[in-house]
Amino acid sequence: MRLRNIKGAKEAIAASPYVVQEPEKYRGRWNEFFGNHHPLHIEIGMGKGKFITALAQQHPEINYIGIELYESVLIRAVAKRESIGECTNLTFLRYGAEHLEAVFAPLEVARIYLNFSDPWPKERHARRRLTSSEFLARYRRFLQPDGQIEFKTDNQTLFDFSIEQAEQMGWQLAQITRDLHHSPYMEGNLMTEYEERFSAMGNPIYRLVAFPPEK
């Protein structure tokens, strides 16, 4: 369960140099923000930031943006960022996934990571799932034609739903596995906090890669 109330989190995030306060003004200009023309990868719902921080440290040739809505979770990612020292290819946003078209221009993003997203188990909330047809349509508008989504979850129902939605929307699927940690795709896999917890409990990890349909 996500923590919702940490005293001072809002103020700390507003003052942090690692959180972009007005990301809309960089729409179509993230290369200027980072000062280079490296590919841009984003993680939507990054949690405490372990995954994307490790990626940024391993791949200085790629720019990363971690996106998290909840202040009490984002503040943990900020603390982790502060602890690693210089890392010029990583920044964070406090932002809702449904509004990301205000932040990213068409063709601006090369890769999207969705890791252990909220499954929204009630059917009436299906549109809120980050792999719903509504969200896939949004991603397609700012994802590059040769870009991709990498999706991991421990929730079989959400995984099946995600496959159905992607296929209905014409996305091409690859590297589908229902047991990532015993598959060929485990090589090079970086685990999130949730992945470490769930896999330690013996839960299988589901993963797929999705490529956008041709426009």
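Structure: see above.
Residues numbered from 1 in each chain as written. Predicted model: local features only at pLDDT ≥ 70, side-chain atom pairs only at ≥ 80, totals over all residues. Heavy atoms only, no water.

Undergrad: I would appreciate a short explanation of the packing of aromatic side chains in the present structure.
TA: Both the distance between ring centres and the angle between the ring planes are used here to describe each pair of aromatic rings. Counted by the stated rule, this structure contains 13 aromatic pairs. Pairing Phe 116 with Phe 198 gives two aromatic rings, centres 5.9 Å apart and planes at 45°, and the pair type is tilted. With a gap of 82 residues between them, Phe 116 in the loop between β4 (109–115) and α5 (133–142) and Phe 198 in helix α7 (residues 193–200) connect regions that are remote in the sequence. Phe 198 shares its class with Phe 116; the two are buried. You can call Phe 198 buried: its relative accessible area is 16%. Three or more aromatic residues joined by ring pairs form one cluster here, namely Tyr 26, Trp 30, Phe 33, Phe 34, Phe 104, Phe 135, Tyr 139 and Phe 142. The aromatic ring of Phe 161 is capped on one face by Arg 129, whose charged end is 4.5 Å from the ring centroid. (Phe/Tyr/Trp six-rings, centres within 6.5 Å; stacked < 30°, edge-to-face > 60°. Helix = DSSP H or I, 4+ residues; strand = E, 2+ residues; numbered from the N terminus. Buried < 20%, exposed > 50% of the residue type's maximum accessible area, 1.4 Å probe, protein only. Lys NZ or Arg CZ within 6 Å of the ring centre and 35° of its normal.)

Undergrad: Could you clarify how one ought to interpret the pairing of β4 in this entry?
TA: Consecutive side chains along a regular strand alternate between the two faces of the sheet. With six of seven residues buried, β4 lies mostly within the body of the structure. As defined by bridge partners, strand β1 (residues 40–44) adjoins β4 across three bridges and the pair is classed as parallel. In the strand pairing of β4, Ile 42 is matched with Ile 112. Examined bridge by bridge, β4 and strand β5 (residues 143–153) share six bridges and lie parallel to one another. In the strand pairing of β5, Tyr 113 is matched with Glu 150. One crossover worth recording links β4 to the parallel β5 by way of α5, and it is right-handed. (Pairing = 2+ DSSP bridges. Right-handed = clockwise from strand over helix to strand, strands pointing away.)

Undergrad: Help me out: how do you make sense of the sheet that holds strand β7 (residues 206–211) in this one?
TA: Strand pairing in a sheet relies on backbone hydrogen bonds, with the paired strands running either antiparallel or parallel. Read across the open sheet, the seven strands follow the order β3-β2-β1-β4-β5-β7-β6; overall the sheet is mixed. Either end of the sheet is taken by a strand with one partner, and the two such strands are β3 (90–93) and β6 (172–177). Neighbour to neighbour, the strand axes of the sheet diverge by 15° on average, direction disregarded. Against the sheet, α5 engages β1, β4 and β5, with an angle of about 140° to β5. (Axes fitted to C-alpha atoms, helices over the stretch in contact; angles between N-to-C directions. Contact = heavy atoms within 4.5 Å.)

Undergrad: Please clarify how empty space enclosed by the protein should be interpreted in this entry.
TA: As enumerated under the stated definition, the model contains one cavity of 30 Å³ or more in all. Empty space within the largest cavity amounts to approximately 60 Å³. Listed by contribution, the elements that provide at least two residues to the lining of the largest cavity are β5, α6 (156–168) and β7. Residues of the lining of the largest cavity, tallied by class, amount to seven nonpolar, two polar and no charged. (1 Å grid on protein atoms, 1.4 Å probe; cavity = no way out; pocket = protein on both sides within 12 Å on 5 of 7 lines; lining within 4 Å. Points joined across faces, edges and corners; volume = space filled by probe spheres on them. Nonpolar A, V, L, I, M, F, W, Y, C, P; charged D, E, K, R; others polar.)

Undergrad: Looking at this structure, I do not really get the pattern of salt bridges. What am I missing?
TA: Two side chains that carry opposite charge are able to pair once their charged atoms sit near each other. Under the defined criterion, the tally for this structure stands at ten salt bridges. Of the charged contacts in the structure, one is a salt bridge between Lys 80 and Glu 193, with a shortest N-O distance of 3.9 Å. One end of the pair, Lys 80, is in helix α4 (residues 71–83); the other, Glu 193, is in helix α7, with 113 residues separating them in the sequence. The exposure class of Lys 80 is partly exposed, given its relative accessible area of 26%. Using a relative accessible area of 23% as the deciding quantity, one classes Glu 193 as partly exposed. Close ionic contact of Arg 141 with Glu 101 constitutes a salt bridge, the shortest N to O distance being 2.6 Å. Separated by 40 residues along the polypeptide, Arg 141 in helix α5 and Glu 101 in the loop between β3 and β4 bring together distant segments of the chain. Here Glu 101 falls in the partly exposed class, since its relative accessible area comes to 29%. (Salt bridge = Lys/Arg side-chain N within 4 Å of Asp/Glu carboxyl O.)

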